[in-house]
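Structural features, examined
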Amino acid sequence: MTNSLGLPRHGDKQNSPFFEEYLVRLLEERDRVGLSDLIREIDALMITVEPGHSIQYVAELALMTPYHYLVTLESESHWTHILRIDMASPDILVREVKDPSIQGIFRSLNEVYPIGRHKPHSRYMGEILRVEDLHGAVSLQRDREFRFFTQDEVRKLELPGNVAVSKPSPYTHNMVGYMERRPDEIRVYALGMSSIRSDVNEAYLAAKALQEKLRIDDLLQPIDHLATRVYAQNREVAILEYLSWSSYYYWGSYDIKDQNSSTNVTKSVHYSEERRSPAKVFTANNTPYFVNHLEKLPSPTETFVRNYGPRLHHIAVGVNDGERDGVENIEFVVEAIRRQGKDFLLDVIGSKEEGLKQIFSSASEHSSLIVEYVQRFGDFDGFFARDNVAELTRAAGAEETLRLLDAEAGAKGS
């Protein structure tokens, strides 16, 4: 039986007695009933973009990551493009809404937020996790009072029919899906008509040709981690909820006092390499927004959530350790992509002595997601250096402030 509490903890963030008690109780129960063994790696990420944006986003990901376009699934109201590296790393499902006027649960999660409402269909939806026994996993979770969409609701939402999909989390607004698959089976998504679209394929091939010309195609690794931002009061419950849905464990939390926030990491109990099943990071303010006028503290994380809603903030992609043309690989990759017109929020930060270097891209105009690049040196095992994450948080907050000002100016102009 898996022991989800037997792994070392990192960090200096102090959690509440509630968190510490239920962390132990929930993971012990999860192990005891067999869910930790039934639920395995992240098989896919689900992202929806605005009408007319999916081809450009596929091309963007093809240039900036190791992903390849595989096939398009067409349903009544959506195109879903499947991107894949290999069967040892998660797929990305890029969904495009055909009709901009379409309403639905995912649009409603955006429309109450001042920046989120300007791209009502653009959002990260959540992960699909591979399970050994779909019926068993769903039955056990329902016994624990977790809720799923019905099969009819999954069909109406035009999600894969072979995936059991949770209701959106009240804390992260993300969903979790379960898909039964043996490790040696190919991933198949039961959704619509399958074809290789010539326009998508053409954009993908051009991006890959450029990636090769820039000599960065062999430097990029699969996804390292996924970072979600939540409200201050939801930090602990968001972590505990995800641990209850998955077979992840609590790696630890760091207090980033410079930015009045904390970074909290969970990892798979089954796979030590993030490329097989990316770490899930949760970032939250230390104090809620309504005390800022009293405390005069920075609040970039809470401001992001108030502007966009709780959601995924960035996808981190690994960069091979080493150098090319006399500069470290991450510097080479960033400069090559920057020359193609992609902005970054700051220069590469960190050092070999600290163990890693990192950088944030600007948010994608297609998905609103940031790509982070991270290069670890030697056997460095962490996700950030304290100074790095403070600077990254500060830079992202500055960009989000500009986006809010632009959104407010646009609203006044209309």
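Rules behind the numbers
- Residues numbered from 1 in each chain as written.
- Predicted model: local features only at pLDDT ≥ 70, side-chain atom pairs only at ≥ 80, totals over all residues.
- Heavy atoms only, no water.
- Helix = DSSP H or I, 4+ residues; strand = E, 2+ residues; numbered from the N terminus.
- Rg over C-alpha atoms; globule rule 2.2 N^0.38 Å.
- Buried < 20%, exposed > 50% of the residue type's maximum accessible area, 1.4 Å probe, protein only.
- Contact = heavy atoms within 4.5 Å.
- Areas by Shrake-Rupley, 256 points an atom, 1.4 Å probe, with all protein chains shown as cover.
- Lys, Arg positive; Asp, Glu negative; His and termini not counted.
- Charge placed at Lys NZ, Arg CZ, Asp CG, Glu CD.
- Core = buried A, V, L, I, M, F, W, Y, C linked by side-chain atoms within 4.5 Å.
- Domains from an automatic or database assignment.
- Salt bridge = Lys/Arg side-chain N within 4 Å of Asp/Glu carboxyl O.
- Phe/Tyr/Trp six-rings, centres within 6.5 Å; stacked < 30°, edge-to-face > 60°.
- Lys NZ or Arg CZ within 6 Å of the ring centre and 35° of its normal.
- Axes fitted to C-alpha atoms, helices over the stretch in contact; angles between N-to-C directions.
- Parallel < 35°, antiparallel > 145°, perpendicular 65-115°, else oblique.
- Left-handed = near helix turned anticlockwise from the far one by under 90°.
- Polar contact = N/O pair within 3.5 Å; in protein donor to acceptor, adjacent residues only side chain to side chain.

1. Focus on the overall build of the protein
A tally of helices and strands in the protein yields 12 helices and 19 strands. Its C-alpha radius of gyration of 20 Å places the protein within 12% of the 22 Å reference for a compact globule of 414 residues. Based on the C-alpha atoms only, the size of the protein along its principal axes is roughly 55 × 50 × 50 Å. Looking at the protein residue by residue over its 414 residues, the buried ones come to 60%. A separation of at least 24 residues holds for 71% of the contacts in the protein among residues at least 6 apart in sequence. Here the protein has roughly 17,000 Å² of accessible surface; of this, 50% comes from carbon and sulfur atoms. Looking at the protein, you have 48 positive and 63 negative side-chain charges, and the mean spots of the two groups are 3 Å apart.

2. Looking at helix H3 (residues 54-64)
In an α-helix, one turn spans 3.6 residues; hence positions three or four apart end up facing the same way. With respect to burial, H3 is a largely interior element, nine of its 11 residues being buried. For H3, the complete set of buried residues consists of Ser54, Tyr57, Val58, Ala59, Glu60, Leu61, Ala62, Leu63 and Met64.

3. Quick notes on the nonpolar core
Counting 74 residues, the largest nonpolar core has Ile92, Tyr178 and Tyr373 as its most contacted members. Top contributing element to this core by residue count: H3, with seven residues. In terms of domain composition, this core takes at least three residues from each of domain 1 (37-211) and domain 2 (214-413). Setting aside anything within four residues of it in sequence, one finds tyrosine 178 in contact with Ile39, Leu129, Val131, Leu134, Ala137, Val138, Gln141, Phe148, Asn162, Val163, Ala164 and Trp245. Counting residues in hydrophobic clusters, the runner-up holds 19 residues, among them Leu93, Val154, Leu159 and Met179.

4. Focus: the pattern of salt bridges
By the definition in use, this model includes 29 salt bridges. The partner of arginine 197 in a salt bridge is aspartate 199, with the nearest N and O atoms 2.8 Å apart. For arginine 197, a relative accessible area of 17% corresponds to the buried category. Within this structure, Arg40, Glu41, Asp43, Arg84, Asp91, Arg130, Glu132, Arg181, Arg187 and Arg276 form a network of salt bridges that share partners.

5. Examining the packing of aromatic side chains
Enumeration according to the criterion identifies 13 aromatic pairs in this entry. Seen from their ring centres, tryptophan 251 and tyrosine 254 are 6.4 Å apart, and the 45° between their planes marks the pair as tilted. Take tryptophan 251: its relative accessible area is 4%, and that puts it in the buried class. Through successive ring pairs, a cluster of aromatic residues spans Phe146, Phe148, Tyr178 and Trp245. We note arginine 197 situated over the ring of tryptophan 79; from NZ or CZ to the ring centre the distance is 4.8 Å.

6. Details of unusual backbone geometry
What you tend to see is this: most non-glycine residues have negative phi, and most peptide bonds are trans. Of note in this structure, arginine 215 is not a glycine but carries a positive phi near 65°. Its location among the elements puts arginine 215 in the loop between helix H7 (198-213) and strand E10 (220-230). Look at arginine 215 and you get partly exposed, because its relative accessible area is 36%.

7. What to know about the environment of leucine 191
Looking at the element boundaries, leucine 191 is found in the loop between strand E8 (175-180) and strand E9 (193-195). Judged by its relative accessible area of 10%, leucine 191 falls in the buried class. Sequence separation of leucine 191 and threonine 80 is 111 residues, and the distance between their C-alpha atoms is 8.6 Å.

8. With respect to the packing of H3 against H7
At a closest axis distance of 8 Å, the pairing of H3 and H7 adopts a crossing angle of 25°. Between H3 and H7, the angle is such that the two are roughly parallel. The two elements H3 and H7 meet at a crossing, and its hand is right-handed. In this structure, H3 contributes Ile55, Val58, Ala59, Ala62, Leu63 and Met64 to the contact, and H7 contributes Asp199, Val200, Ala203, Tyr204, Ala207, Lys208, Leu210 and Gln211.

9. Description of the side chain of histidine 225
Looking at the element boundaries, histidine 225 is found in strand E10. Looking at histidine 225, the relative accessible area reads 4%, which means it is buried. Within the structure, histidine 225 has its side chain in polar contact with the side chain of aspartate 224 (distance 2.8 Å). At 3.2 Å, the side chain of histidine 225 and the side chain of glutamate 372 are in polar contact.

10. What about helix H10 (residues 300-308)?
In terms of burial, H10 is largely enclosed, as seven of its nine residues are buried. Every buried residue belonging to H10 is among Pro300, Thr301, Glu302, Phe304, Val305, Asn307 and Tyr308, and all of these are buried. Glycine 309, located one to two residues past H10, shows a positive phi value of around 95°.

These values are about where atoms sit, not about what they do.
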